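A look at the structure
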Amino acid sequence: MMRSAQTRLSIDTAPSEIKEITAEIAHWAEQQTIVHGLLTVYILHTSASLLIQENASPAVRHDLDAFLRRIVPEDMSLYRHNDEGPDDMPAHIKSALTQTQLTIPVIDGRLQLGVWQGIFLFEHRATPHRRSLVLSLIGEEAASPGSG
């Protein structure tokens, strides 16, 4: 039988942090009765984003951040929208270049991520924030004994 489950998750970030959130999301998914389906993770912000990326080497996160800083400089003279400081518009551009939504298959109640893959929240602002995510899981429940 098809079912769905949803929740909101709040994540505190540090300035310009690429924070791994795989464990929190996997824990929630594993607590659901849905064993085969799709999990959507959506961030409710325009100055932070989501990534599936290598989780083994911190150098990957450093290099991603450094690359985006090179192509999207924090120079107020380049942008009209500077309402919240020099990182405001660059944060929006970085969010536009990355993702605000991820879809991950769930098989046997577990997220299907590769060996070196993790889910990350990428904070694009130069100050800490509390970010809100919506997790939506849709799929089939485990078959009951004697059904079928």
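To be clear, the structure that these remarks concern was listed above.
Conventions and cut-offs
- Residues numbered from 1 in each chain as written.
- Predicted model: local features only at pLDDT ≥ 70, side-chain atom pairs only at ≥ 80, totals over all residues.
- Heavy atoms only, no water.
- Pairing = 2+ DSSP bridges.
- Helix = DSSP H or I, 4+ residues; strand = E, 2+ residues; numbered from the N terminus.
- Contact = heavy atoms within 4.5 Å.
- Axes fitted to C-alpha atoms, helices over the stretch in contact; angles between N-to-C directions.
- Patch = residues over 30% accessible without salt bridge, like charges linked within 9 Å, V, L, I, M, F, W, Y side chains within 5 Å.
- Areas by Shrake-Rupley, 256 points an atom, 1.4 Å probe, with all protein chains shown as cover.
- Salt bridge = Lys/Arg side-chain N within 4 Å of Asp/Glu carboxyl O.
- Buried < 20%, exposed > 50% of the residue type's maximum accessible area, 1.4 Å probe, protein only.

1. Quick word on the sheet that holds strand β3 (residues 34–43)
Taken in spatial order, the five strands of this open sheet run β1-β8-β3-β5-β6, and their pairing is antiparallel. Either end of the sheet is taken by a strand with one partner, and the two such strands are β1 (2–13) and β6 (110–111). Bridge count between β3 and strand β5 (residues 101–107): six bridges; the pairing is antiparallel. Directly across from Leu39, in β5, lies its bridge partner Ile104. Its contacts with the sheet place helix α1 (residues 22–30) against β1, β3, β6 and β8 (129–141), and it is angled at close to 155 degrees to β1.

2. Concerning a nonpolar patch on the surface
A contiguous nonpolar patch, built from Met2, Leu38 and Ile138 and spanning about 300 Å² of accessible area, is present on the exposed surface. Mapped onto the elements, Met2 comes out in strand β1. On the accessibility criterion, Met2 (54% relative accessible area) is exposed.

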